[in-house]
Amino acid sequence: MTPPLPRPTRDPLAWAAGLPDAVTAGFFLLLWLFPAWLGAAALKTGLLMMLVEFILLHATAMIGGTLLSREPGQPMRWRALAGFSVLYLAFILAWCLQFQAWWPVLAFGWLLAGKAALAMQPVPVAAKRERLSSDWALGVIFYLGGVFATSVLPLPRLGLDRAVVAAADLPGSGQWVDRPHTVVAFGLVYFALLSVSKARGWRLPKSA
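Conventions used here
- Residues numbered from 1 in each chain as written.
- Predicted model: local features only at pLDDT ≥ 70, side-chain atom pairs only at ≥ 80, totals over all residues.
- Heavy atoms only, no water.
- Helix = DSSP H or I, 4+ residues; strand = E, 2+ residues; numbered from the N terminus.
- Buried < 20%, exposed > 50% of the residue type's maximum accessible area, 1.4 Å probe, protein only.
- Contact = heavy atoms within 4.5 Å.
- Core = buried A, V, L, I, M, F, W, Y, C linked by side-chain atoms within 4.5 Å.
- Phe/Tyr/Trp six-rings, centres within 6.5 Å; stacked < 30°, edge-to-face > 60°.
- Polar contact = N/O pair within 3.5 Å; in protein donor to acceptor, adjacent residues only side chain to side chain.
- Patch = residues over 30% accessible without salt bridge, like charges linked within 9 Å, V, L, I, M, F, W, Y side chains within 5 Å.
- Areas by Shrake-Rupley, 256 points an atom, 1.4 Å probe, with all protein chains shown as cover.
- Salt bridge = Lys/Arg side-chain N within 4 Å of Asp/Glu carboxyl O.
- Expected span 1.5 Å × (residues − 1).
- pLDDT = per-residue confidence, 0-100.

1. As for the overall build of the protein chain
- What the protein chain contains, in helices and strands, is 8 helices and 0 strands.
- Here the protein chain, with 208 residues, has 37% of them falling under the buried criterion.
- Put simply, of all contacts in the protein chain between residues at least 6 apart along the chain, 76% involve residues at least 24 apart.

Okay, structure coming up:
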């Protein structure tokens, strides 16, 4: 039996929700085609963005779920929230030190602010949970699917030739370091799908 398609919403301003991800997808497209325009550090930034995104996906489920787990009249579970926040922040700080970049901390703070804003909206808790659960599930599907596809497909290097990769001086090892055009293609596909899903208001069907 064919599974139901994501349910679109009719919010006339929904396109604005997908705009930041569309801009990010454009960054990865430009990085793949014309990396020299963005400077030697751009490739390292793209790789770090996809690593941080993995942590943010996990944090979205845990932190967002904690914020929305209370019923009206119950106190916020600040201890659990603080514990999760410290755990994820430790991962982010480790990458900041390895890549010599501090902006992932701001991205993590933005995530916390976004989840808190969702929790404070005058919308029924059940609707907030459904939205959070659907957005998280779609993100996981796009992320895991993108990792698999870009790992097995024969992708071209395009502008990311050996000289550009050497100039980026990527730390560590693995496919994303040895073949960085795969993570750039992954970032392009992942953020493009996120942009479309948010602009069109996709929601996964409710479980029975």
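Now that the structure has been shown, the text picks up again.
2. Points about the nonpolar core
- Core analysis: the biggest nonpolar cluster contains 39 residues, and L43, M50, V184 and Y190 have the highest contact counts within it.
- At the level of elements, helix 1 (14–33), helix 2 (42–67), helix 3 (78–99), helix 5 (125–152), helix 6 (162–168), helix 7 (175–178) and helix 8 (180–199) are the ones that each hand at least two residues to this core.
- Per-element accounting of this core gives the leading share, 11 residues, to helix 2.
- Those residues within four positions of V184 in sequence are excluded, and the remaining contacts are F28, L31, W32, L43 and L160.

3. Regarding the packing of aromatic side chains
- Tallied over the entire structure, the rule returns 9 aromatic pairs.
- For the pair W176 and F186, a centre-to-centre distance of 5.7 Å together with 35 degrees between the ring planes defines the contact as tilted. Taken as a pair, W176 in helix 7 and F186 in helix 8 lie far apart in primary sequence, 10 residues in all.
- The class of W176 is buried, set by a relative accessible area of 17%.
- Through pairs of rings, three or more aromatic residues link up here, namely F27, F28, F54, Y143, W176, F186, Y190 and F191.

4. Some details on the side chain of S197
- Tracing the backbone shows S197 in helix 8.
- Overall, the relative accessible area of 4% leaves S197 in the buried class.
- From its side chain, S197 meets the backbone oxygen of L194 in a polar contact 2.8 Å long.
- When residues no more than four places from it in sequence are discounted, the contact partners of S197 are L138, F142 and W202.

5. Quick notes on a nonpolar patch on the surface
- Side chains of L29, L33, F34, W37, L38 and L158 sit close together on the surface and give an oily, nonpolar patch of about 570 Å² of accessible area.
- Within the fold, W37 resides in the loop between helix 1 and helix 2.

6. Points about the side chain of T24
- As for its position among the elements, T24 is in helix 1.
- Residues within four places of T24 in sequence aside, it is in contact with M49 and F191.

7. Structural notes on helix 8
- With 20 residues, helix 8 should reach 28 Å at 1.5 Å per residue; the first-to-last C-alpha distance of 29 Å fits that figure.
- Along helix 8, 14 of the 20 residues are buried, which leaves the element largely enclosed by surrounding structure.
- Among the residues trailing helix 8, G201 stands out with phi positive, at a value near 65 degrees.

8. Brief notes about the confidence of the model for the protein chain
- For the protein chain, mean pLDDT is 76; residues scoring 70 or higher make up 68% of the total.
- Ranking the elements of the protein chain by mean pLDDT puts helix 4 (residues 103–120) last, at 63, and helix 8 first, at 91.
- Between residues 1–5, whose pLDDT stays under 50, and residues either more than four places distant or in other chains, the model counts 1 contact.

9. Regarding unusual backbone geometry
- Phi angles above zero are rare outside glycine, and L158 is one such case at about 50 degrees.
- Judged by relative accessible area, L158 falls into the partly exposed class, the value being 46%.
- In this structure, D169 takes a positive phi of about 55 degrees despite not being glycine.
- Tracing the chain through its elements places D169 in the loop between helix 6 and helix 7.
- Given the relative accessible area of 56%, D169 is considered exposed.

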